[in-house]
Amino acid sequence: MIQFVANHDDLSTDKGFQFKFYCDKCRNGHMSRFQPNAVGIAGSLLTAAGSLFGGMFHQAGNAAYHVQRAIGGKAHDEALEKAVLEGKQHFKQCTRCGHWVCPDVCWNSKAGLCEDCAPDEHEELAAQQALAGREQIYTKTRAQDYTKELDFLNRGGIVQCQSCNTKLNPGQKFCPQCGTPSAAVAQAKEKFCVDCGTTMKADQRFCAECGAKQ
């Protein structure tokens, strides 16, 4: 039986054999040492080269076949078996789930199982505390009313500065851009005719008593 059948990459080429093995949990990996392929490569590559240059289009498939022959077969199987023996030294197999994991990050040495089957107590506590805190923040923030001061029916309307048209917040007495008094301040301040002294509205341009232009 050969381990790592589900979590390895075959990096072998016509030059030799090499394999990359992965942890089933965190995907950290180990790359095996390169093993040169000294058996039959020269002949296979010469055949492949002859196929390519002898008939570029007609023989291209035949060339690919010979390259595949150069990295396949018994030599490849022996290289894989040797790489597995090397790779096993860098992983531990969980007897509960069968996964191969890296010992530094994903193995619970106290329990003798991978951390998927037996999580580290302190890590699991910290993770659950963070999860509970996030859920509490979610619940409490939605229990607050952040819109009670908003005028959903727009009863007050949008107030703008009479001079520069800057938008004014409710209750602002003066424009923050140019300092012009708001309409509410202007209306609250009494206005009198410059000629006869009659009380006038803030937006009146002519006196209703004497007709004088203000």
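Just so you know, these numbers come straight off a predicted model, no measurement behind them. (Residues numbered from 1 in each chain as written. Predicted model: local features only at pLDDT ≥ 70, side-chain atom pairs only at ≥ 80, totals over all residues. Heavy atoms only, no water.)

**Student:** Quick rundown of the overall build of the protein chain? Include the residues and the values.
**Tutor:** A count of helical and extended segments in the protein chain gives five helices and 13 strands. With 214 residues in all, the protein chain has 24% of them scored as buried. Of the contacts formed within the protein chain by residues at least 6 apart in sequence, a portion of 29% connects residues at least 24 apart. (Helix = DSSP H or I, 4+ residues; strand = E, 2+ residues; numbered from the N terminus. Buried < 20%, exposed > 50% of the residue type's maximum accessible area, 1.4 Å probe, protein only. Contact = heavy atoms within 4.5 Å.)

**Student:** I'd like to hear about helix H4 (residues 121-143), residue by residue, with values.
**Tutor:** The end-to-end C-alpha distance of H4 is 33 Å, a good match for the 33 Å that 23 residues give at a rise of 1.5 Å each. Residue aspartate 120 occupies the N-cap position of H4, its side-chain oxygen lying 3.1 Å from the main-chain nitrogen of histidine 122. (Expected span 1.5 Å × (residues − 1). Polar contact = N/O pair within 3.5 Å; in protein donor to acceptor, adjacent residues only side chain to side chain.)

**Student:** An account of the nonpolar core is requested, with residue identities and associated values reported.
**Tutor:** Residues Phe4, Phe19, Phe21, Cys23, Phe91 and Val101 are the most contacted members of the largest nonpolar core, which totals 19 residues. Counting residues per element, the ones that place at least two in this core are strand E3 (19-22), helix H3 (74-87), strand E7 (100-101) and strand E9 (113-114). Tallying contributions element by element places H3 first for this core, with four residues. For valine 101, the residues in contact, after removing those within four places along its chain, are Cys23, Lys25, Phe91, Lys92, Cys106, Trp107 and Cys114. (Core = buried A, V, L, I, M, F, W, Y, C linked by side-chain atoms within 4.5 Å.)

**Student:** Please provide a residue-by-residue account of the pairing of E3, values included.
**Tutor:** Along any regular strand, the residues point their side chains to alternate faces of the sheet. Where strand E1 (residues 8-10) lies against E3, three bridges are found, and the strand directions are antiparallel. Its bridge partner lying in E3, aspartate 10 is registered against phenylalanine 19. Bridge count between E3 and strand E4 (residues 29-31): three bridges; the pairing is antiparallel. Bridging across to E4, lysine 20 finds its partner in methionine 31. (Pairing = 2+ DSSP bridges.)

**Student:** Tell me about the sheet that holds E1, and name the residues and values.
**Tutor:** Taking strand neighbours across the sheet as the criterion, the three strands line up as E1-E3-E4 in an open arrangement whose pairing is antiparallel. For this open sheet the edge positions go to E1 and E4, each flanked by a neighbour on one side alone. Recorded for the sheet is a direction-independent mean angle of 15° between the axes of neighbouring strands. In the packing of H3 onto the sheet, contacts are made with E1, E3 and E4, and the angle to E3 comes to roughly 40°. (Axes fitted to C-alpha atoms, helices over the stretch in contact; angles between N-to-C directions.)

**Student:** I'd love a proper account of the environment of cysteine 117, names of residues and values included.
**Tutor:** Topologically, cysteine 117 is positioned in the loop between E9 and H4. Taking C-alpha positions, cysteine 117 is 7.4 Å from cysteine 97, a pair spaced 20 residues apart along the chain. Discounting residues that sit within four places of it in the chain, cysteine 117 has contacts with Cys94, Arg96 and Cys97.

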